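# A look at the structure
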Amino acid sequence: MTEAAKPSPKSFDWAQFVRSQLRNIAPLITLIALFVFFSLASKSFLTLDNFVNILAQVSLTSIIAVGLTFVILTGEIDLSVAAVANAIGIVMAFFTLQPDYANIQNVPVPGLVAVVFALAACGALGLITAFGVTRIGIPSFIMTLAMMQIAAGVSAMLVRGQIAYSFPMIIQTLGSGKFMGLRWLIVVAVVTLLIAHLVLTYTRFGRYIYMTGGNRDAAEYSGVNVKFIIGSVMVISAMLSGFSGMLGVAYFGSAQQNQFDTFLLDAIAAVVVGGTSLFGGRGGIGNTIIGLLVLGVLNNGLDHVNIDSFLKILIRGLILLIALIVNVYAQKMRDSSATTE
Amino acid sequence: MTPLVELRNIVKTFGGVHAVDDVSLSLAEGEVLGLLGHNGAGKSTLIKVLAGVFPADSGTILIQGQPVSIRSTRDAKTLGIETIYQTLALSENLDSVANLFLGREMTGPLGFMNEEAMEEQARKTLGRLKLHLPSLSSLVQSLSGGQRQAVAIARAIHFNARVLIMDEPTAALGPEETLKVAALVAELSRQGIGIILISHDIHDIFDLASRLAVMKNGRLVGAVSTADVTQDEVLAMIIAGKMPERPNS
């Protein structure tokens, strides 16, 4: 450190570079490989229409995955995202006038009020999670498991096995309408990803999220209110999940129980496959976007090739397992290369 | 000359045990004071009182002759007392600049962080310490032990520290890195910063410190100038708790 800058950079060490960037390179290579494979294996895969299709299919997941990225970056986890999305979609429907055949005893209010109620509801669920994790000290894994059940209970109580079909106009537009030929849903997802990226990269709040995930003691020592940061990401995650749930029911055209069940695995998979560290502190929205595309291409591509539909589930599981191995392996390699320095 | 820091009759007990028992100690501007003692001798407790981790039960702290009240680490930092713990408290997943400003980031309009200004300031501080890191934007986890120590020191003095407390600064470093930290301590001393080095191992700090204070069982055995004593004599102070037997030390 006291000597002058190193004489001249050694010849570029590719192995070292790949090792340090494995977290970012592996997901990208996976995406390219899947893309090339499906393009060759199916005539219908490589079309603009299908590409837009893929984007629409991952849009709902991406809004949930953004909140989850915040949470995982702090080193915590949120297992309640899909259940909260489901509950909030149903809460919104509960406050919307339903057609007679829907047979739900609900409380209709004007559309915008229903939206505000739904947002307040997901804020409340997020605050409960935040309270449990930061004030009581319940590990987020267990706390959000409980919240998953609570949100599922809210869903069940409100619709009682029935299906709701009507939603506020603005949500109907954003969830299933189009804007200059493009689905509003895609626009909303892109804007959400963009804002999240700006917050994580360029604000103190974002920096503190990385710091909380990187070295919690150092963050506290530096005067960062770690509990506030963790509580905040829990609320953000619940809010985005709820928002995605509202758009989701409009996209599906109906609100019912257990409608979002696959979204939990998809959202976690997108974040982790993208390379954001499960241990916190490393990764970001860029990683999540790649992860979302990997999942989107995989889900969509498997429909374009002739594969046993039961096998598809297995393949998805295997891809997730490989991503987990790379994720943990990348962390270990970083740790060991840092200490042997 | 008024000492930079003066601790007078500091007492700190934990459930009846006198962790620090009536200790008085002073630190001059630019002085490098080594604080020695076994684990449990009370050196860490004494330093934590000064750093504001917990307040003393009784006794006074004076900064440049003025009595001050230090009730929290924030109070200590406001008075220019910075502490570097052995763990360094760095966030390895962030770069050097981010670590330098940890918790005190500069923001521009709209609340966005002002990365350019922070990098510029970091460069200045590192320049003041005659430090050259390979790259300010490389993550701390890719830095060596000595370079990390440098980042921690730069962070501590960046916000106008007058007193720098370092806990076991060279314990985890190789010989070459230790020399670099020694040069850094000398440079800070030249700039008038008072430095307290804490260690349980005399060899770690004998060459760095100009004066050594030894504690045993919560009491101050005594303070000696490193020029006047041998390492063996100091070792005897640590173990036996007695001052070397000779006139004026």
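Structure: above.
Because the structure is a prediction, the values reported are computed rather than measured.

### Considering helix α8 (residues 231-240) of chain B
Three or four residues apart is the spacing at which side chains of an α-helix point the same way, because the helix has 3.6 residues per turn. Residue and element names in this part refer to chain B. Val234, Met237 and Ile238 are the residues of α8 that are buried. One side of α8 holds all its buried residues, which, seen down the axis, span an arc of 95°. In α8, the exposed positions that point more than 90 degrees away from the buried face belong to Asp232 and Ile239. Gly241 sits one or two positions beyond α8 and adopts a positive phi of about 75°.

### Here's the deal with the packing of helix α11 (residues 261-273) of chain A against helix α12 (residues 285-304) of chain A
Residues and elements named next belong to chain A. Where α11 meets α12, the closest approach of the two axes is 6 Å, and the angle between their N-to-C directions is 120°. Overall, the two elements α11 and α12 adopt an arrangement that is oblique. Classified by chirality, the crossing of α12 by α11 is right-handed. On the side of α11, the interface is formed by Asp266, Ala269, Ala270, Val271 and Val273, while α12 contributes Asn287, Thr288, Gly291, Leu292, Val294, Leu295 and Asn299. For the contact of α11 with α12, the class distribution of residues is 7 nonpolar, 4 polar and 1 charged.

### Observations concerning the pairing of strand β7 (residues 163-167) of chain B
Residues and elements named next belong to chain B. Counting buried residues along β7, 5 of its 5 residues qualify, which places the element largely inside the surrounding structure. Burial along β7 is two-sided: the face carrying Val163, Ile165 and Asp167 and the face carrying Leu164 and Met166 are both buried. By the bridge criterion, 4 bridges tie strand β6 (residues 81-84) to β7 in an arrangement that is parallel. If you follow Ile81 over to β7, its bridge partner there is Val163. Here β7 runs beside strand β8 (residues 194-199); their pairing, made up of 5 bridges, is parallel. From the neighbouring strand, Met166 faces β8, where its bridge partner is Leu197. Each parallel crossover has a hand, and for β7 linked through helix α6 (residues 175-190) to β8 it is right-handed.

### Quick look at empty space enclosed by the protein
Tallying each qualifying case throughout the model produces 3 cavities of 30 Å³ or more. Each pocket or cavity is described by its volume, and for the largest cavity that value is around 90 Å³. If you go around the largest cavity, the residues you meet are A:Tyr221, A:Ser222, B:Lys77, B:Glu82, B:Thr83, B:Ile84, B:Leu88, B:Leu102, B:Arg104, B:Ala152, B:Arg155 and B:Ala156. Put simply, the parts of the chain that give the lining of the largest cavity at least two residues each are β6 and α5 (145-158) of chain B. Tallied by class, residues from the lining of the largest cavity come to 6 nonpolar, 2 polar and 4 charged. Each pocket or cavity is described by its volume, and for the second largest cavity that value is around 60 Å³. What lines the second largest cavity is simply B:Val5, B:Leu7, B:Leu25, B:Ser26, B:Leu27, B:Leu33, B:Ile47, B:Leu50 and B:Ile196. Sorting the residues of the lining of the second largest cavity by element identifies β1 (5-14), β2 (17-27) and α1 (43-51) of chain B as the ones contributing at least two each. The element that contributes the greatest number of residues to the lining of the second largest cavity is β2(B), accounting for 3 residues. Broken down by class, the residue content of the lining of the second largest cavity amounts to 8 nonpolar, 1 polar and no charged.

### Some details on the sheet that holds β2(B)
All names here are of chain B. Spatial strand order, β2-β1-β4-β5: 4 strands in an open sheet with antiparallel pairing. Single-partner strands in this sheet number two, and they are β2 and β5 (66-68). Put simply, the sheet's adjacent strands are angled 30° from each other on average, direction ignored. By the bridge criterion, 3 bridges tie strand β4 (residues 58-63) to β5 in an arrangement that is antiparallel. Looking at the pairing, Ile61 lines up with Val68 of β5. Contacting β1, β2 and β4, α1 runs over the sheet at an angle of about 115° to β1.

### Quick notes on the interface of chain B and chain A
Contacts between the two partners involve 37 residues from chain B and, on the opposite side, 25 residues from chain A. In total, chain B and chain A occlude about 2,700 Å² of area from one another, counting both sides; carbon and sulfur atoms represent 55% of this. Viewed at the interface, chain A and chain B are joined by 2 salt bridges. The closest approach of N and O atoms between A:Arg204 and B:Glu105, which form a salt bridge, is 3.5 Å. The tally of links between chain B and chain A comes to 8 residue pairs in polar contact (both at pLDDT 80 or more). Among the elements that make up the side of chain B that touches chain A, the one with the highest residue count is α5(B) (5 residues). Its residues assigned to classes, the side of chain B that touches chain A shows 15 nonpolar, 12 polar and 10 charged.

### Section: the packing of helix α2 (residues 48-73) of chain A against helix α10 (residues 226-252) of chain A
Residues and elements named next belong to chain A. Orientation of α2 relative to α10, taken along the N-to-C sense of each, is 170°, at an axis distance of 7 Å. Comparing their axes, α10 and α2 come out roughly antiparallel. Residue-level inspection shows Ala56, Leu60, Ile63, Ile64, Val66, Gly67, Leu68, Phe70 and Val71 of α2 in contact with α10, the latter providing Val233, Met234, Ile236, Ser237, Leu240, Ser241, Phe243, Ser244, Leu247, Gly248, Tyr251 and Phe252. Taken together, the residues of the contact of α2 with α10 sort by class into 16 nonpolar, 5 polar and no charged.

### Looking at the pairing of β8(B)
Residues and elements named next belong to chain B. Within β8, 6 of the 6 residues are buried, which leaves it mostly tucked inside the rest of the structure. Along β8, one buried face is formed by Gly194, Ile196 and Ile198 and the opposite face, lined by Ile195, Leu197 and Ser199, is buried too. When strand β3 (residues 32-36) meets β8, the two strands line up parallel, connected through 5 bridges. Counterpart to Leu36 in the pairing with β8 is Ser199.

### Some points on the packing of aromatic side chains
Residue and element names in this part refer to chain A. All told, the structure shown has 11 aromatic pairs over all chains when counted by the stated rule. Each ring, one from Phe260 and one from Phe263, has its centre 5.2 Å from the other, and the planes form 55°; the classification is tilted. Take Phe260 and Phe263: they sit in the same class, and that class is buried. Within the aromatic cluster, the residues linked to one another by ring pairs are Phe35, Phe37, Phe38 and Phe45.

### Details of the pattern of salt bridges
Residues and elements named next belong to chain B. The full count for this structure, using the stated rule, is 12 salt bridges over all chains. Between Arg104 and Glu82 there is a salt bridge, and its shortest N-O distance comes to 3.6 Å. Highlighted residues: Arg104 in the loop between α3 (96-100) and α4 (115-128) and Glu82 in strand β6, separated in sequence by 22 residues. Here Glu187 makes a salt bridge to Arg190, at a shortest N to O gap of 2.9 Å. Of this pair, Glu187 and Arg190 both sit in helix α6, 3 residues apart, which is roughly one turn of that helix. A relative accessible area of 62% means that Arg190 is categorised as exposed.

Parameters and conventions
- Residues numbered from 1 in each chain as written.
- Chains lettered and ligands numbered in written order.
- Predicted model: local features only at pLDDT ≥ 70, side-chain atom pairs only at ≥ 80, totals over all residues.
- Heavy atoms only, no water.
- Buried < 20%, exposed > 50% of the residue type's maximum accessible area, 1.4 Å probe, protein only.
- Helix = DSSP H or I, 4+ residues; strand = E, 2+ residues; numbered from the N terminus.
- Arc of directions from axis to C-beta.
- Axes fitted to C-alpha atoms, helices over the stretch in contact; angles between N-to-C directions.
- Parallel < 35°, antiparallel > 145°, perpendicular 65-115°, else oblique.
- Left-handed = near helix turned anticlockwise from the far one by under 90°.
- Contact = heavy atoms within 4.5 Å.
- Nonpolar A, V, L, I, M, F, W, Y, C, P; charged D, E, K, R; others polar.
- Pairing = 2+ DSSP bridges.
- Right-handed = clockwise from strand over helix to strand, strands pointing away.
- 1 Å grid on protein atoms, 1.4 Å probe; cavity = no way out; pocket = protein on both sides within 12 Å on 5 of 7 lines; lining within 4 Å.
- Points joined across faces, edges and corners; volume = space filled by probe spheres on them.
- Buried area = accessible area lost by both parts, 1.4 Å probe.
- Salt bridge = Lys/Arg side-chain N within 4 Å of Asp/Glu carboxyl O.
- Polar contact = N/O pair within 3.5 Å; in protein donor to acceptor, adjacent residues only side chain to side chain.
- Phe/Tyr/Trp six-rings, centres within 6.5 Å; stacked < 30°, edge-to-face > 60°.

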